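# Structural characterization, general
Listed here are the chains, written in short residue letters.
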Amino acid sequence: MLRFAVRRLISAVLVLFAVSVLTFLIFNVIPAGDPAVRMAGKVPTKPQVEAIREEWGFDDPIYVQYGTMMKKLFTGDTVSYFTQLNVVDEIIKGAPRTFALAIGAAVLSLLFGVILGVYGARHAGQWSDRAITLLAVLGLSLPVFWLGALMNHYLGFELGIFPNGGYVEFGESPTGWFWHLMLPWIALSFLFVGFYSRVLRSDILETENEDFVRTARAKGLTEKQVMNRHVLRNSLVPIITLWGLDFGFILGGGAILTEAVFNLQGVGQYAAESIEQLDQPVIMAVTLFGAFFIVLLNAVVDIVYAALDPRIRLEDARAP
Amino acid sequence: MKSVARFLLVTLVLAVGSLTLAACSDDDDGGGGGDSSAEGGSITISQSSQPDYLDPALSYTVNGWEPMWLVYTPLITYKRAEGAEGSELIPGLAEDLPEISSDGLTYTLKLRDGLVYSDGTPVKASDFEHTIARVLNLESGGSFFYEAIEGADKYLSGGDPEADISGIEADDKTGEITVTLVEPDASFSNVLAMNFAGLVPGDTPFRNLTEDPPPGVGPYELTSSEPNREFVMEKSKTFEGLGIPEIPAGNIDTITTKIIPNAQQQAQDVIDNKLDYMQDNPPADLLPQIKERFEGSDAPDGERFEEHTTVSTYYFFLNVREEPFDDPKVREAVNVGLDRPALARLYGGTLAPGCGFLPPGMPGHNESLDGPDCPFGDPNQPPDLERAQQLLKEAGAEGAKVTVWGNTDDPTPKVTEAYADQLDKIGFDVDVRILGAGVYFQAIGNEDTRAQTGFTNWFQDFPHPLNFYFLVDGGTIQPTNNQNFSNVDDLKINDEINALALETDLASVEDSWAALDEVLVADNSYIAPYGHQKQSTFFSDRMDFSCALFNPLYLNDYSSWCLKEGE
Amino acid sequence: MPEGGRVATAEGAAAPAGAPEQATLGAPAGAGPWRLAWRRLRRNRATLVFGGVFVALVLFCIAAPLYAKHVAHTGPYENHLSDTIEQDGETVNVVGFDGVPIGPTWRGEFLLGADDNGRDVMVRILYGGRNSLLIGVSAALITLMLSILLGLVAGYMRGRVDGVISRMMDVLWAFPVVLLGVALGTSLALGGFELGPVSVGPGSLLIPIFVISIVYVPYMARPVRGQVLILREQDFVEAARSQGAGPLRVMFAEILPNLASTMIVFFPLLIANAILLEAALSFLGAGVQSPEPSWGTMIDSGVERIITAPMLTIAPGVFLVATVLALNVFGDGVRDAFDPKGRVRMEH
C-alpha cells in the first residue's frame, strides 16, 4: 500500500514537472511579442530595451530561462513582467477567495446532488423524477458565465436582492462575505448538482438490484434502513470520488469564468488577466497552482481507492 | 459515510443560520466616515484596474498620474486650473521657471528653501539627480524623455545605479540645479514638469516601490498600498507649512481608492453613494441614465456629473509604405468616407468628432479642422460616401485588399469593426485583425507586420505640439517599436517640426503649428483622425460639485475636492 | 455491446478495466444489437423530440444567408450605426446618439434588435451558430479520431507505448481545462500557427477547433484504452491473431468495429461540450476572433449592454443553451439505447 502511494505521488510530481515545461514552451515558442519591449512602455528606446533584456535574462538559452523561472517560483521571487509585483504574494492574496468559492460550491453541489439523486431514484419513473432529470440535464447545459451574468444582473442589479458582484473579506463582515458569495456558489454548483444527481440516481437504481440489497430486504429491514445502510453507502462512493476530483478542478482554474463574471478577484481572475496580457511568470505560477490541486486530489482519490480495493494496486489503473 | 452526513448537516445548519443573519443585517454604509463639516472628511473612490505603478519613476498612465501628481511635485508643475490655464507652467519645488541658456542647451533652476518630504526628511538639490537616475535605471517608460539629458545614455548602458549623470549638476548648499541637454528641445521644460520628475529622497532604492511608495512633496501622501485591492492617500502633514502658495494643500483628509474591475458595479455604487467618485468613465450602458439624472446644474437628482474633452486624438493610421495607402487619393477617400458621428456613437457619446490632429486644448489646435469647415466634410455629419467611392475609383484602387488592425481594449474592437465596414462601403476588400491590448502597439510598430491601417490614439503627456508631432516625424521612424504607424516621412513636415522645436516662446508659433496640421491632414491625408475623447467627473451626492477642478493634464484634481456641508 | 464504456467513466477506478463481470462483453458487432439499440431509441420520445430540435437549429443556422438576404435584408458584418428604421409610424435610430442600440422589433428587420454596431442580432446569431456548430462538430470529430487512435494503440500495444501515451494523457489531464484552452487560444490567436508546411492564420476557426479537440482527448482516450484492454483478451481477437493477423490488422479490422457504439455514444455529448467550451473560450477572448460572430463572443460583448439592451446577452445564450440541451438529451437517449448501463463523464 505504501509503495503504491509513494509511486503515485512520484508520478504526480513528474506530471507537474511536465506541465511546467509545457506551459513554458507554449508561451516561448509561440510569437507573443518581445516582453522586453512591452516592459519598456509607450515609447521604448534601444538602450532601455537592451538594459531590460540583460536584467531579466531574455537573451539566455531557453533551458537557462526555464531554470531561472522555476528557481524563482520556488523561492517565491517571481515577479510579473508587467506590474513587477510578486506573483506568489498575489496568489496568496487571491487564494482565500478561490477557496471560499470552491468549498461553498462543493458543499452546495454535493448537498443538492445527493438530495435530488436520492429523491429521483426513490421516485424513478414518476413525473417528479423526470422533471429532476430534465433539470439536471439543463444544469449540464447552462454555461456558467451566461447564467452568472443573468443572475448578477437580475437578482443583483435590478432587484437588488444580492450584491452586484464583488467580494467582502470574511474578517470585515461575515454576513457580507456570505451574501457576496451566494450567487457565485449557486451559479457554479448548478452544473455539478446536475451531474451528481444523475450519477447518483442511476447508481442507486443499479445497487438496489444487487444481491446484497435483496438479501437485506429479505432479512426484513425497513426500506429506510436498506437505503441508508446498504444502498446509499455503496452508491455514494463514486459521487464522493467525483466530488474530490471536481474540487481539484475548481481550484485548478475551473472557476475562472465564475470569478470573472462575479468579479471575485481570486486566483482564477488573476489567471485570466495574466493570460490576456501574456504575462509569462504569472501564467506559469497560476497554471502550476491549478495543476497542483488537480494532481493532488487525483492522487488522493487513487490512494484512497487503492486502500479500499486491493485490486487497483495490482492493476495500477489509471484512474482519472 | 456517517461523518460526511454529519458534516453536511452542520453546513446546512450553518448555511440557514447565516442566511437569516444576512437578511437581517443592514447594508454596509459604503462611503466611509461622515465628518460634519465641509473641511476635511474622508472619501472612498474607485479605479477599474490597479495603476501600472504607484512609483513616480515608473507610472505612465492616467490611472497612476491622476493620484500621484498630488503626491510627488516636480521642480516645475502646472497651474491648478481648468482649461488652457491649467496647461500653464508654474514653479513647483523650484523658486522659479528654469532659466534657459541662449543655445537652448542648459536649464538652470533653484530649489526652494526649507522644503521637507512628507516624512520630514529635508529636500536636497541632489535628490533631483537621484530622481532622474531612478527613471533611467528602472528602465521606466519615461526613460525616453530623459535620454535627452547629456550623459543619460552612458548612465543607462553603464548599468551602475550610483553612477553620475554628467548632464545634471546639483549643489546641495545653494540649491542650484543645472541640466544640460544633448540638443536643444523647446519642450524640455514640460519634460521637467512630468510626473516622472516628481522629487523623491536621495536614498530611495532603485526598485519598483509600488507596494511601499516613497515619500514626496505634495498636498497628499500615499500612506498604504495593497496592489489590486486599494491604496490610501492622506493629507500631508508637512506640506501646508512649506509656503508654496500656487499649490493648494487640499481639503479632504483621507482618500481611499479601491480597485473594482467591474465598471458597472462602480457606477452603480457612485449612484448609490457607496463610492464618492470613479476614475474611469461610467460604462456606456449606464451613461444615458447617469447623464439624464445628474448632468447639468438643473439635473433632476442634483448635479453630480460633467464631461470634459481631454487633450487627445483618436485616429486611424494609413501606412504610406503599403499599397493602397501609398496613393494620396486613396487616403483622401478614406478620410472623406469615414463616418465620424457613427464612430462617436460607439463611444456612447464620450467622443467629440473631429478631423484635426492637434486636439482642442493643445497649443496650435486648428479649429477649422474640427468644425464644419473640415475639407473632408463636417465631422458631425454623415460622410459623402459617393465622393469617397469616386475618389477610390479615380485612384484605380477599387477592391484593394486592406487589413484593418485593432486591439481588445473596449470599445476598440467595435470601432475597428465599424471602420472595416465603412471601408467596405467605400469599396475596399477588408479583413479585420484584433490583437491583445498588451502586444498591439508593438505588433503594428514592427515593420515586418506591414500593418496597412488601424486604430491608434494619443493622449498628451504635456501641453506642447511636439508631444503629438513626434508621432508623424520622419526622423522617428524605426524598424521596430515604431510610433509613426503611418510612416509619414514628408520633408516639408520634418523641416517644419525641426524648426518649430527650437522656438521656446510657444505662443508665437501656435499658428505655424496649426498650419502644419493642414499639411498633415487636409493636404496629404496621412492619417484619418476621427475625434477627441471626453473624460467625466462623476461624484456621489456627498461631494460638493462646485469645488471640483478638472486639469487638462492630470484630469480630476483631488486636492480641489470638498464634501458638502454636513457630510 | 461493449459495456466497457463503464470503464470510460470517472468512476473507472471503482470498476477497473478487466473486472470480471465485463468479461462477457465485446462480441463482434452484429446486426442484432444495432437493431435493438435502434428500437430502443425509437421508443424514447424525448430523445427524438430533442434530436429534432437540434436538427432544426442546425438547419436554421445553415439557412443563415437566406434569412439575411430575404428576411433581415442585411449581412452579419454590416453596421447600421447612422441608419434609421420606421417603427410604429415613427422614425427610430438603429443606434441612439448615446450608443444604445434598438431592442427587438419582432419583425423581419432587427427581429431581436441591433448590437452596438447596429448589426442585426438575429442575423449574427445565425451566423454565429454556424461557427459554433462547425467548431463543435469538427472538434468533436477530431477528438474522437485522436482518442480512438491513441486509446487503441495504447490499449493494444501496452507496455512502453502505453506508458508514454498514458503519461501524455496524465499531463493533459492535469492541465486546468479552461486555463489550457485560454492559454493556447490566446497565444495562437496572436500569431497564428506555423509548423512546417502547415500555416494557419491568426483569425482562423481552425485554432479554436484545434484547441478544443486537444483539450478533450484525455477524457475520451482513457475510456477507449480501457475498453481495448478488455477487447484484446477476447476470443475473437485471439482467433484473428492465431490466423496470422498482424497488430495493425487486429487493431483496425477486429477491435475498431467494436468501438463503434462507444463512438456513437460519445459523439453527441462531445459536441455539446465542445460547443460549451467554445463559448467559454470566446467569452474570455480566446476563441472565435472578431469580426466573426459566435455565441460566446456575442454573450461576451452583450454583457456590457445588459442594462440597456438585455436581449444582446439573453438571445445568443438561449440559442446556446437550447442547442447544448438538445444535444445532451439526445445524447443521453443514444447512450441509453446503445449502452444502457454505461456512464460518460465530461467536464466543462
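What counts, and where the lines are drawn
- Residues numbered from 1 in each chain as written.
- Chains lettered and ligands numbered in written order.
- Predicted model: local features only at pLDDT ≥ 70, side-chain atom pairs only at ≥ 80, totals over all residues.
- Heavy atoms only, no water.
- Buried < 20%, exposed > 50% of the residue type's maximum accessible area, 1.4 Å probe, protein only.
- Helix = DSSP H or I, 4+ residues; strand = E, 2+ residues; numbered from the N terminus.
- Arc of directions from axis to C-beta.
- Disulfide = S-S within 2.5 Å.
- 1 Å grid on protein atoms, 1.4 Å probe; cavity = no way out; pocket = protein on both sides within 12 Å on 5 of 7 lines; lining within 4 Å.
- Points joined across faces, edges and corners; volume = space filled by probe spheres on them.
- Nonpolar A, V, L, I, M, F, W, Y, C, P; charged D, E, K, R; others polar.
- Core = buried A, V, L, I, M, F, W, Y, C linked by side-chain atoms within 4.5 Å.
- Domains from an automatic or database assignment.
- Contact = heavy atoms within 4.5 Å.
- Axes fitted to C-alpha atoms, helices over the stretch in contact; angles between N-to-C directions.
- Parallel < 35°, antiparallel > 145°, perpendicular 65-115°, else oblique.
- Left-handed = near helix turned anticlockwise from the far one by under 90°.

We now examine helix 11 (residues 385-394) of chain B. All names here are of chain B. Listing the buried residues of helix 11 in full gives Ala 388, Leu 391 and Leu 392. Angular distribution of buried residues about the axis of helix 11 spans 100°; they occupy a single face of the element. Immediately downstream of helix 11, the backbone of Gly 396 shows phi near 65°, a positive value.

Quick look at the state of the cysteines now. Residue and element names in this part refer to chain B. With the rule as written, the count across this model stands at two disulfides over all chains. Disulfide partner of Cys 355: Cys 374, at an S-S distance of 2.0 Å. Taken together, the positions of Cys 355 in the loop between strand 14 (351-353) and helix 11 and Cys 374 in the loop between strand 14 and helix 11 put the pair 19 residues apart, joining distant regions of the chain. You can call Cys 355 buried: its relative accessible area is 0%. The connectivity of the disulfide bonds within chain B can be written as 1-2, 3-4, using the sequence rank of each bonded cysteine.

Residue and element names in this part refer to chain B. Considering only enclosed or pocket space, the second largest pocket measures out at about 930 Å³ in volume. Lining the second largest pocket are 30 residues, and of these Phe 144, Glu 183, Asp 185, Phe 470 and Thr 476 lie nearest its centre. Looking at the lining of the second largest pocket, the elements with two or more residues in it are helix 4 (143-146), helix 14 (466-469) and helix 15 (491-501). Considering each element in turn, the lining of the second largest pocket owes the most residues, three residues, to helix 15. Here the lining of the second largest pocket is built from residues that sort into 15 nonpolar, eleven polar and four charged.

This next bit is on the nonpolar core. Grouped together as the largest cluster of nonpolar side chains are 203 residues, with contacts concentrated most on A:Phe145 and A:Trp185. Of all the elements, helix 4 (residues 121-157) of chain C adds the most residues to this core, at 16 residues. Looking at which domains feed residues into this core, each of domain 1 (2-75) and domain 2 (94-318) of chain A gives three or more. Excluding anything up to four places from it in sequence, A:Phe145 contacts A:Leu257, A:Val261, C:Ala279, C:Ala280, C:Phe283 and C:Ile299. Formed by 154 residues, the second largest nonpolar core is a distinct cluster that contains B:Ala57, B:Met194, B:Phe231 and B:Leu506.

Here we take up the packing of helix 4 of chain C against helix 9 (residues 247-255) of chain C. Residue and element names in this part refer to chain C. For the pair helix 4 and helix 9, interaxial distance at closest approach is 11 Å and the crossing angle is 125°. Judged by the inter-axis angle, helix 4 sits oblique to helix 9. Here helix 4 and helix 9 pass one another in a crossing that is right-handed. Of helix 9, the residues touching helix 4 (which contributes Leu 149, Leu 152, Val 153, Tyr 156 and Met 157) are Pro 247, Val 250, Met 251, Phe 252 and Ile 255.

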